[in-house]
Amino acid sequence: MDRAKDREVKDGAIEKLVKLNRVAKVVKGGKNFSFSALVVVGYGDGRVGYGFGKANDVTDAIRKATEKARNSIITVPLKGTTIPHEIVGNFKSASVLLRPAVPGTGVKAGGAVRLVCDAAGIRDVLSKSLGSRNGINTVKATFDALEHMFDAGAVAKTRGKTLKEMWS
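None of the values given here were measured: they were computed from a predicted structure. (Residues numbered from 1 in each chain as written. Predicted model: local features only at pLDDT ≥ 70, side-chain atom pairs only at ≥ 80, totals over all residues. Heavy atoms only, no water.)

(A) Region of the structure containing helix H3 (residues 135-147). With 13 residues, H3 should cover 18 Å at 1.5 Å per step; its first-to-last C-alpha distance of 18 Å lies within 8% of that length. Of all 13 residues in H3, 10 are buried, a share of seventy percent or more. Of the positions making up H3, those classed as buried are Gly135, Asn137, Thr138, Val139, Ala141, Thr142, Phe143, Asp144, Ala145 and Leu146. Where H3 begins, the capping side chain belongs to Asn134, and its oxygen is found 2.9 Å from the backbone nitrogen of Ile136. (Helix = DSSP H or I, 4+ residues; strand = E, 2+ residues; numbered from the N terminus. Expected span 1.5 Å × (residues − 1). Buried < 20%, exposed > 50% of the residue type's maximum accessible area, 1.4 Å probe, protein only. Polar contact = N/O pair within 3.5 Å; in protein donor to acceptor, adjacent residues only side chain to side chain.)

Written as structure tokens, this is what we have:
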């Protein structure tokens, strides 16, 4: 199932189901089915996390993935409604290119990258997924890119300049 479903929870978090997979283990008595779920949780203000959960029931798998996502939240630096600079994220054979875009462009991304950007609150971004089409690896490559993004305030401080001088 690759159809994305999102829910808004009472604390303002946006939960997006990226991938739900049914796995069969063949045993002597037949097949044992279990489920794995990949969930992205974001607050729309630059905070976003992902989690992967496995269980014998769909709801338990989604619940486990959501808990792991809430515990792995990172903060993404934003420049208005976009990202501060271009970056490439890699995980195994998946690569994701993220580029800033002018306001009004929207999220030009497909699949898992779009869900991560929507949950993080990134409204204008250009993206290209290269290599693997696996949703899990694409999400991890996207998070690799977002984790290595420079915060403009921190860079300006280390250079001894003001934020306005950096982004004039």
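Still more to cover.
(B) Region of the structure containing the sheet that holds strand S8 (residues 107-108). Judged by pairing direction, the sheet is mixed, and its 4 strands sit side by side in the order S6-S7-S9-S8 without closing on themselves. Looking at the sheet topology across the chains shown, the edges are occupied by strand S6 (87-91) and S8. Where S6 meets strand S7 (residues 94-100), 5 bridges bridge the pair, whose relative direction is antiparallel. Counted as the bridge partner of Gly89 is Val96 from S7. Where H3 meets the sheet, it contacts S6, S7 and strand S9 (125-131), and its direction lies at approximately 135° from that of S6. (Pairing = 2+ DSSP bridges. Contact = heavy atoms within 4.5 Å. Axes fitted to C-alpha atoms, helices over the stretch in contact; angles between N-to-C directions.)

(C) Fine view of the pattern of salt bridges. Using the criterion set out here, one finds 6 salt bridges in the structure. Among the ionic pairs, Asp11 bridges to Arg70, the shortest N-O distance being 2.9 Å. Of this pair, Asp11 sits in the loop between strand S1 (5-8) and strand S2 (14-27) while Arg70 sits in helix H1 (residues 58-71); the two residues are 59 residues apart in sequence, bridging distant segments of the chain. Among the residues examined, Arg70 registers a relative accessible area of 27% and is labelled partly exposed. A salt bridge links Arg63 to Glu67, with the shortest nitrogen-to-oxygen separation between them at 3.2 Å. In this pair, Arg63 and Glu67 are both assigned in helix H1, 4 residues apart and thus about one turn of the helix distant. For Glu67, a relative accessible area of 42% puts it in the partly exposed group. (Salt bridge = Lys/Arg side-chain N within 4 Å of Asp/Glu carboxyl O.)

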